Amino acid sequence: MLFVCVKLRKTMSKYILPVSVFGTVFGSAVLLKNHVTGGPCPSKAKIPGKTVVITGANTGIGKETAKELAKRGGRIIMGCRDMEKCEVAAKEIRGQTLNPHVYARHIDLASIKSIRQFAERVNQEEKHVDVLINNAGVMRCPAGKTEDGFDIQFGVNHLGHFLLTNLLLEKLKDSAPSRVVNLTSLAHIVGEIDFNDLNWDNKKFDTKRAYCQSKLANVLFTRELAQRLEGTGVTVNCLHPGVVATELGRHTGLHQSQFSSSVLSPFFTLLVKGPELGAQPSVYLAVAEELAGVTGCYYDVMIEKEPAPKALDQEVSRRLWEASARLMGLEQAASAAVPASNRAQEKPSTDPDTKIIAKHSLSAIEQTGMNPGV
């Protein structure tokens, strides 16, 4: 009997160290994941009677955001390019939340015509727009152009939402206090705004740099719009949702090699959150009562942080606004959105780069037959 006990102790001792190491590593990973994900939205605020417009809402973060806000009683307008998937998602959300006010609407952020049609319908059909969540995006996709000739990542991630937001501004102002929430990325830190070639017409295309430029543009747009809407009751903030497993990363090639699939996948699974948790920062910025009046801020998940120094450059944000307004045929918006107290101090831009951009954009708009006025 004594011999058996001694042997058992030796056997157990053999496995204690490996098990302890594994437990420590696993426990640390779980704690790290909880820290990185940020957890669920801390606000329990309900939004009955409020209208929320969400782009890219048929899958991933957008769909989960729509579902959570529908649970809280909101009237949800899901703006999507693929209407078949959008209708299925809207029906699913209505069934799961028992909220009948969830609607699928078509918008293609790679098309000026489609954006204008979507905005016109919202302006005509909705009594108010209380929250606009610019969620849709593309990431590190192959070289390509939008319907109007713009780089696909810059066009969809920045220009499309720039145009949509401007077209809904009067409705947002009339609905004040209202909120605009822009999804960006930590990748904005290494972004560069190339005013000489925003659309990669003249230089060799680099999908990573193109994506980072579009994400930096999101932060610059947020800060500039917040300044221009000062005193209107409309707040504008942006967020990095964290590392989320969605279809957005399908072009990154993370799991295309045997090494990444077999070795990195387990760690990736531990550290990356799903769409439901990925949607929590968007929900937080959309509903949290403590954020009433907070504007022009950048959030890393649900913690306010200072963005990259490049995103704080007011001259760059102003130039980007003017360039974007010209590219979208919204020259009037360049001054119309500025408070009267600030407008008198502004002078017409003489920047040769933006003049070149304006010439390119107006030609593209003429080709589509669109009216360049707002």
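The shown structure was predicted, so the numbers you read here are calculated from the model rather than taken from an experiment.

(A) Region of interest: the packing of aromatic side chains. On inspection of all chains with the given rule, the structure shows 4 aromatic pairs. Taking the centre distance of 4.9 Å and the plane angle of 75° together, the rings of F162 and W321 count as edge-to-face. In this pair, F162 sits in helix α5 (residues 152–167) while W321 sits in helix α11 (residues 314–327), placing the two residues 159 residues apart along the sequence. Residue F162 is classed as buried on the basis of its relative accessible area of 0%. Aromatic rings pair up to connect F162, F221 and W321 into one cluster. Sitting over the face of the ring of W200, K203 holds its NZ or CZ atom 4.1 Å from the ring centroid. In this arrangement the basic side chain of R319 is found over the ring face of F195, its NZ or CZ atom lying 4.0 Å from the centre.

(B) Representation of the nonpolar core. The biggest cluster of nonpolar side chains holds 50 residues, and the ones touching the most others in it are L164, L172, I193 and M328. Those elements that provide at least two residues to this core are α4 (112–125), α5, α6 (169–174), α7 (207–228), β6 (234–240) and α11. Looking at this core element by element, the count peaks at 8 residues for α5. The contact partners of I193, leaving out residues within four places of it in the chain, are L198, Q213, L216, A217, L220, V316 and L320. The next biggest cluster of nonpolar side chains, apart from the first, holds 37 residues, and it includes V102, I133, L285 and A286.

(C) Fine view of the pattern of salt bridges. Under the defined criterion, the tally for this structure stands at 15 salt bridges. A salt bridge links D201 to K145, with the nearest nitrogen and oxygen atoms 2.8 Å apart. Pair noted here: D201 is in the loop between β5 (178–183) and α7 and K145 is in the loop between β4 (131–134) and α5, with a separation of 56 residues, a long-range link. A salt bridge links R318 to E322, with the shortest nitrogen-to-oxygen separation between them at 2.8 Å. Here R318 pairs with E322, and both are found in helix α11, just 4 residues apart, close to one helical turn. One salt-bridge network, held together by shared partners, links R105, R121 and E125.

(D) Structural context of the packing of α5 against α7. Closest axis-to-axis distance for the α5/α7 pair is 7 Å, and the angle between their directions is 20°. As the angle between them shows, α5 and α7 are arranged roughly parallel. When you trace α5 past α7, the crossing you get is left-handed. Of α7, the residues touching α5 (which contributes Q153, F154, N157, H158, H161, F162 and T165) are T207, A210, Y211, Q213, S214, K215, A217, N218, F221 and L225. Partitioning the contact of α5 with α7 into residue classes produces 7 nonpolar, 9 polar and 1 charged.

(E) Structural view of the sheet that holds β4. Spatially, β3-β2-β1-β4-β5-β6-β7-β8 is the arrangement adopted by the 8 strands of the open sheet, whose pairing is mixed. Each having just a single partner strand, β3 (102–106) and β8 (303–305) make up the two edges of the open sheet. Shown here is a sheet whose adjacent strand axes are inclined to one another by a mean of 25°, direction ignored. By the bridge criterion, 3 bridges tie strand β1 (residues 51–55) to β4 in an arrangement that is parallel. Along β4, the bridge assignment pairs V53 with L132. Contacts from α7 reach β5 and β6 within the one sheet, and its direction differs from that of β6 by about 160°. Running at roughly 160° to β5, helix α10 (residues 280–287) makes contact with β4, β5, β6 and β7 (298–300) of the sheet.

What counts, and where the lines are drawn
- Residues numbered from 1 in each chain as written.
- Predicted model: local features only at pLDDT ≥ 70, side-chain atom pairs only at ≥ 80, totals over all residues.
- Heavy atoms only, no water.
- Phe/Tyr/Trp six-rings, centres within 6.5 Å; stacked < 30°, edge-to-face > 60°.
- Helix = DSSP H or I, 4+ residues; strand = E, 2+ residues; numbered from the N terminus.
- Buried < 20%, exposed > 50% of the residue type's maximum accessible area, 1.4 Å probe, protein only.
- Lys NZ or Arg CZ within 6 Å of the ring centre and 35° of its normal.
- Core = buried A, V, L, I, M, F, W, Y, C linked by side-chain atoms within 4.5 Å.
- Contact = heavy atoms within 4.5 Å.
- Salt bridge = Lys/Arg side-chain N within 4 Å of Asp/Glu carboxyl O.
- Axes fitted to C-alpha atoms, helices over the stretch in contact; angles between N-to-C directions.
- Parallel < 35°, antiparallel > 145°, perpendicular 65-115°, else oblique.
- Left-handed = near helix turned anticlockwise from the far one by under 90°.
- Nonpolar A, V, L, I, M, F, W, Y, C, P; charged D, E, K, R; others polar.
- Pairing = 2+ DSSP bridges.

Just geometry here; none of it tells us what the structure is for.
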